[in-house]
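The primary structure of each chain is shown beneath.
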Amino acid sequence: MAALLAEEAADRGSEFDGFWSSSLSDSTLQGMPDMEILSVSERIDTVRPILAVTDKPLIMDGDTGGHNHHFAHIVRKMERAGVAAVIVEDKTGVKRNSLLGTHVPQQLADPEEFGAKIRQGKRAQRDSAFMIIARLEGLVLDSPMRDVLERADSYVEAGADSIMIHSRAADSGQVVAFAKDFRGKHPDVPLVCVPTTYGDTPLSELEAAGFSVVIYANHMLRASAKAMKEVAKAILEDGTTTRAETHCLDLQLVLNNADVNG
């Protein structure tokens, strides 16, 4: 549904370039915590319907990528499903959502081990266009900027096609500072950010800082969940759907879309 809405936006003159399959969103939709409980196969099953209705590329959240020797199989499964890229984060142990930060136990992976995971994934891929994007979690866990930049260098050397820098700061200062230093060494390596906590930073500023891809990670999920909550509340309180309809897409639009895609 999100894919179809994005395609519709393109018809109106503005356009998203692709899609993000979020482990947080997939887990939440299944009523589960974001802890790698869902299998890779279950996660891939959620993207097949998206890829069936759009030609736009889809980047998949690969969490920690599992054990190094598992990551090769994950890459091949994603390739076969039609996924364009996987983002894998440099943490180890029980996966917890990054935005929980230091409030829960989270541990960075050994950079050499993580580099080996990247190399294993690159050796496994069959499609030269498939991308492995290394996600840096150091700023989320309050590591010094120097250490995070050193990890970025080592992951690029290991073969990562792109780097994602994550931050839970309330403004974009951290990621912009990282981008400035990173671009000095790696002017051509695509750089990714996810401005969930610094969403008031305009896209144009992030582009000017050197970011190639900006992922808006969970807003469609949060918007739909809020609307469903309001609809359920209105129906229970009013005993009618009159007020609930203000939160709903027009039924005729839903029927027309079902007709077109049926």
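A brief structural summary. (Residues numbered from 1 in each chain as written. Predicted model: local features only at pLDDT ≥ 70, side-chain atom pairs only at ≥ 80, totals over all residues. Heavy atoms only, no water.)

**Topic: the environment of Asn256**
Position of Asn256 among the secondary structure elements: in helix 10 (residues 251–261). Distance from Asn256 to Lys122, taken between C-alpha atoms, is 43 Å for residues 134 residues apart in sequence. (Helix = DSSP H or I, 4+ residues; strand = E, 2+ residues; numbered from the N terminus.)

**A few points about the nonpolar core**
The biggest cluster of nonpolar side chains holds 44 residues, and the ones touching the most others in it are Ile163, Phe178, Phe182 and Phe211. Residue contributions to this core peak at six residues, all from helix 6 (residues 145–158). Not counting chain neighbours up to four residues away, the residues in contact with Phe178 comprise Leu136, Met145, Val148, Leu149, Ala152, Ile163, Ile165 and Leu191. (Core = buried A, V, L, I, M, F, W, Y, C linked by side-chain atoms within 4.5 Å. Buried < 20%, exposed > 50% of the residue type's maximum accessible area, 1.4 Å probe, protein only. Contact = heavy atoms within 4.5 Å.)

**A word on the environment of Ser39**
Relative to the helices and strands, Ser39 resides in the loop between helix 2 (23–29) and helix 3 (40–53). Its relative accessible area of 32% is what places Ser39 among the partly exposed residues. Spatially, the C-alpha atoms of Ser39 and Asp17 are 27 Å apart, while their sequence positions differ by 22 residues.

**Notes on the pattern of salt bridges**
Within this structure, the stated rule accounts for 15 salt bridges. Residues Glu15 and Lys56 are paired through a salt bridge, measuring 2.6 Å at the closest nitrogen-oxygen approach. Pair noted here: Glu15 is in the loop between helix 1 (2–11) and strand 1 (19–21) and Lys56 is in the loop between helix 3 and strand 2 (58–61), with a separation of 41 residues, a long-range link. What makes Glu15 exposed here is its relative accessible area of 54%. Classification of Lys56 as buried rests on a relative accessible area of 11%. Note that Glu137 is salt-bridged to Arg135, the shortest N-O span being 2.8 Å. The exposure classification of Glu137 matches that of Arg135, with both residues buried. (Salt bridge = Lys/Arg side-chain N within 4 Å of Asp/Glu carboxyl O.)

**Some words on unusual backbone geometry**
Unusually for a residue other than glycine, Glu36 sits at a positive phi of about 60°. Here Glu36 is to be found in the loop between helix 2 and helix 3.

**Structural notes on the side chain of Ser167**
Counting through the fold element by element, Ser167 comes out in the loop between strand 7 (162–165) and helix 7 (173–185). Side-chain polar atoms of Ser167 contact the backbone nitrogen of Ala169, separated by 3.1 Å. In terms of polar contacts, Ser167 uses its side chain to reach the side chain of Gln174, at 2.7 Å. (Polar contact = N/O pair within 3.5 Å; in protein donor to acceptor, adjacent residues only side chain to side chain.)

**A closer look at the packing of helix 4 (residues 68–81) against helix 5 (residues 111–124)**
Where helix 4 meets helix 5, the closest approach of the two axes is 8 Å, and the angle between their N-to-C directions is 40°. Taken together, the axis directions place helix 4 and helix 5 in an arrangement best described as oblique. Judged by the twist between their axes, the crossing of helix 4 over helix 5 is right-handed. Contacts from Asn68, His69, Phe71, Ala72, Val75, Arg76 and Glu79 in helix 4 reach Glu113, Ala116, Lys117, Gln120, Gly121 and Ala124 in helix 5. (Axes fitted to C-alpha atoms, helices over the stretch in contact; angles between N-to-C directions. Parallel < 35°, antiparallel > 145°, perpendicular 65-115°, else oblique. Left-handed = near helix turned anticlockwise from the far one by under 90°.)

Geometry only, nothing functional implied.
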